[in-house]
Amino acid sequence: MNRRKRSLFVRTLLFLFALNSIFIFYYLRLHPRPQHPLDEEQNLNLNLTPPSLSSSSSLKPWPLLPSYLPWNISSFPPVGSCEAYFGNGFSRSISPMTGRNGFFRCHYSETLQSSICEGGTIRMDPARIAMSRGGEDLEKVMGRREEDELPRYESEAFQIEEGEGWERREDRRLVDQAFLDQYLKHGAVHMHTMRSLVESIRVVPTGELQCDQVIDEPTLLVTRFEYANMFHTVTDWYSAYVSSRVTGLAGRPHLVFIDGHCKAQLEETWKSLFTSVRYAKDFAGTVCFRHAILSPLGYETALFKGLTESFSCQGSTANILRQNPDYQKTARLSEFGEMLLSSFYLLPIPKREPGMLNILFVRREDYLAHPRHNGKVQSRLSNELEVFDSVQTWAKMKNNMKCKLNVVNGLFAHMHMKEQLQAIRDASIVIGAHGAGLTHLVSARTDTIVLEIIASMYRRPHFQLISSWKGLEYHAINLPGSYARPTEVTEELSKIMKSLGC
């Protein structure tokens, strides 16, 4: 190729490159990248993984959860919507005091009528909290009254270092009565211990806060009610989880029980969920928290309020909601259920074995629950053993080449929590009489089918609602008393099996 032809070839290439660049420029201007539905409709932060921890942090990291959706949002869901009940509806932030060290703010949910509060440089004096020590072996405190286990705060049980914007008061209270009545309402809660805690906080001038011990990392302060009951404990777990997410914690916080309850079987799950667990009376002297988070009572969660408040809410999958945001649907219970599973190393969820169906029969049995308990549980199904035996016999008769049925004996009261969660995770069908053990449905797969047997005295909506909020198929057998005809139960199971193609 001579010099003239080579020059013409180079000029031609440059011209085509320039023409192509101009074409691409105008194409992108006229055809911008489609915005993700969540970006457009919710303005959510689409980072689907939580913020990372520093290398020096001792906090447990947040696990990667398949149903996780962002909590740090710039546009909050409408008041009264499903997402406002179960997600981040804490849309109003009130700060009675700001500052680099001493600060206090509450995140208020108009939907739940409750607040998640947090503060910095807060001192706790356990000696000024009247309650039993807590954490004792159950057998050593039999007969102890419940009121002796719940906290009663003296003035200055909690102190906070003075920050900016605080409205000075003669008694140096952090907040006044109007603040408490507006953002920490009594509501239907007879003894609102979180409100009482905030009411006890006194402001101390900068530099005068004396601490025997300092905890630098974020710490949840939790008071439990009905702590030995699975349903009520799940409401406490959920409240603590939501509080951690709403306040944007980079890792799972430490946790301090501000109560004097004795040890209970469910305590192991608290320890698995969070970085560490201690009782307030475990501290020998005063302790200062660089960052304390006050978790609302379990009674103030959607799980409990849904029993008396009517709101539209249907469970869905996170994948669907990422593509088609809908404030009247939620994947939050699935996210939380996965958090429980992950805490016991039960994620990822394995695929179901083709043709194998696990039928989990959740049973009630006697066990000693708390100091005021006689070790006998209330019977919700008077012939439970007869029904269980009948289901086992029916399953053996129904086994065929197409479907193999495995009935799991769910004696949860004497099973390790990991075994309980694994049983619910692997269940295709969950059957049981109305009882707190069915609260495990929060960790069930979204294709699990529920059959609840309901005695006439226990027609309550707990597990029908949880099934709805999870998006589970739900069936019920309503009994005229507490006796169930075994054939009625197996006939209902046969209908369910037929719907599954078995």
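Here, every reference points to the structure presented above.
Since the model is a prediction, treat every value here as computed from it, not as a measurement.

Cut-offs and rules
Residues numbered from 1 in each chain as written. Predicted model: local features only at pLDDT ≥ 70, side-chain atom pairs only at ≥ 80, totals over all residues. Heavy atoms only, no water. Helix = DSSP H or I, 4+ residues; strand = E, 2+ residues; numbered from the N terminus. Contact = heavy atoms within 4.5 Å. Disulfide = S-S within 2.5 Å. Buried < 20%, exposed > 50% of the residue type's maximum accessible area, 1.4 Å probe, protein only. Phe/Tyr/Trp six-rings, centres within 6.5 Å; stacked < 30°, edge-to-face > 60°. Lys NZ or Arg CZ within 6 Å of the ring centre and 35° of its normal. Expected span 1.5 Å × (residues − 1). Arc of directions from axis to C-beta. Lys, Arg positive; Asp, Glu negative; His and termini not counted. Salt bridge = Lys/Arg side-chain N within 4 Å of Asp/Glu carboxyl O. Polar contact = N/O pair within 3.5 Å; in protein donor to acceptor, adjacent residues only side chain to side chain. Pairing = 2+ DSSP bridges. Axes fitted to C-alpha atoms, helices over the stretch in contact; angles between N-to-C directions. Parallel < 35°, antiparallel > 145°, perpendicular 65-115°, else oblique. Left-handed = near helix turned anticlockwise from the far one by under 90°. Nonpolar A, V, L, I, M, F, W, Y, C, P; charged D, E, K, R; others polar.

### Focus: the environment of P296
Part 1 of the argument: Of note, P296 is situated in the loop between β16 (292-294) and α8 (302-305).
Part 2 of the argument: The contacts of P296, once residues within four sequence positions are left out, are S115, I116, M194, S239 and S243.

### Notes on the state of the cysteines
Part 1 of the argument: Using the criterion set out here, one finds four disulfides in the structure.
Part 2 of the argument: Between the sulfur of C82 and that of C313 lies a disulfide, 1.9 Å long from S to S. With C82 in helix α3 (residues 82-86) and C313 in the loop between α8 and β17 (314-315), this pair connects stretches of sequence that are 231 residues apart. The exposure classification of C82 matches that of C313, with both residues buried.
Part 3 of the argument: Here C403 pairs with C502 through a disulfide, and the sulfurs are 1.8 Å apart. Given an S-S torsion of about -75°, the disulfide between C403 and C502 has left-handed geometry. Residue C403 is located in the loop between α11 (384-398) and β20 (404-410), and its partner C502 is located in the segment after α14 (486-499); the two are separated by 99 residues in the primary sequence.
Part 4 of the argument: If you count the bonded cysteines of the chain from the N-terminus, they pair up as 1-6, 2-3, 4-5, 7-8.

### A closer look at the packing of aromatic side chains
Part 1 of the argument: The full count for this structure, using the stated rule, is 19 aromatic pairs.
Part 2 of the argument: Taking the centre distance of 5.4 Å and the plane angle of 85° together, the rings of F257 and W270 count as edge-to-face. With F257 in strand β13 (residues 254-257) and W270 in helix α7 (residues 267-273), this pair connects stretches of sequence that are 13 residues apart.
Part 3 of the argument: By relative accessible area, F257 is classed as buried at 0%.
Part 4 of the argument: Among the aromatic residues, ring-to-ring pairing joins W62, W71, Y85, F86, Y238, Y241, F311, F336 and W469 into one connected group.
Part 5 of the argument: Over the aromatic face of F257 sits the side chain of R224, whose NZ or CZ is 3.6 Å from the ring centroid.
Part 6 of the argument: Cation over ring: R245 sits above W62, and NZ or CZ is 3.9 Å from the ring centre.

### Brief notes about α14
Part 1 of the argument: Across its 14 residues, α14 extends 20 Å between first and last C-alpha, which sits within 8% of the 20 Å expected from 1.5 Å per residue.
Part 2 of the argument: Within the sequence span of α14, burial applies to P486, V489, T490, E492, L493, I496 and M497. For α14, the angular spread of buried residues about the axis comes to 155°, placing them on one side. Counted as exposed and oriented over 90 degrees from the buried face of α14: K495, K498 and S499.
Part 3 of the argument: On its buried face, α14 is in contact with β19 (356-362), α11, β20, β21 (429-433), β22 (449-454) and β23 (473-478).
Part 4 of the argument: Count one or two residues on from α14 and you reach G501, which has phi positive near 85°.

### A closer look at the side chain of R322
Part 1 of the argument: Residue position: R322 is located in helix α9 (residues 318-323).
Part 2 of the argument: No salt bridge is formed by the buried R322. Its closest oppositely charged neighbour is E338, at 7.5 Å.
Part 3 of the argument: Side-chain polar atoms of R322 contact the side chain of N319, separated by 2.8 Å.

### Overview of the sheet that holds β22
Part 1 of the argument: The five strands lie next to each other as β20-β19-β21-β22-β23, forming an open sheet whose pairing is parallel. The sheet is open, and its two borders are formed by β20 and β23, each paired with just one other strand. Averaged over all adjacent pairs, the angle separating strand axes in this sheet is 15°, with direction ignored.
Part 2 of the argument: By the bridge criterion, seven bridges tie β19 to β20 in an arrangement that is parallel. When the sheet's bridge partners are listed, I359 is paired in β20 with V407.
Part 3 of the argument: Sitting on the sheet, α14 is in contact with β19, β20, β21, β22 and β23, with an inclination near 165° to β22.

### What to know about the sheet that holds strand β14 (residues 276-279)
Part 1 of the argument: If you walk across this open sheet you meet the seven strands as β2-β3-β4-β16-β11-β13-β14, and the pairing is mixed. The open sheet is flanked by β2 (92-97) and β14, the only strands paired with a single partner. Between one strand axis and the next, the sheet turns through 20° on average, direction left out of account.
Part 2 of the argument: As defined by bridge partners, strand β4 (residues 114-120) adjoins β16 across three bridges and the pair is classed as antiparallel. By the bridge assignment, C117 is partnered in β16 with L294.
Part 3 of the argument: Taken strand by strand, helix α5 (residues 193-200) contacts β3 (103-109), β4 and β16, and its axis lies near 135° from that of β16.

### Overview of the packing of α11 against α14
Part 1 of the argument: Contact pair α11 / α14: the axes reach a minimum separation of 9 Å and the direction vectors enclose 40°. Here α11 lies oblique to α14, going by the angle between them. Of the two elements, α11 crosses α14, and the hand of that crossing is right-handed. Contact residues: α11 offers E386, V387, S390, V391, W394 and K398, while α14 offers P486, V489, T490, L493, S494 and M497.
Part 2 of the argument: Split into classes, the residues belonging to the contact of α11 with α14 amount to seven nonpolar, three polar and two charged.

### Some details on the packing of helix α6 (residues 230-246) against helix α10 (residues 332-343)
Part 1 of the argument: Running from amino to carboxyl end, α6 crosses α10 at an angle of 100°, the nearest separation of the two axes being 11 Å. Considering their axes alone, α6 and α10 lie roughly perpendicular with respect to each other. Taken together, the residues of α10 that come into contact with α6 (itself represented by V234, W237, Y238, Y241 and R245) are R332, L333, E335, F336, M339 and L340.
Part 2 of the argument: Residues of the contact of α6 with α10, tallied by class, amount to eight nonpolar, no polar and three charged.

These values are about where atoms sit, not about what they do.
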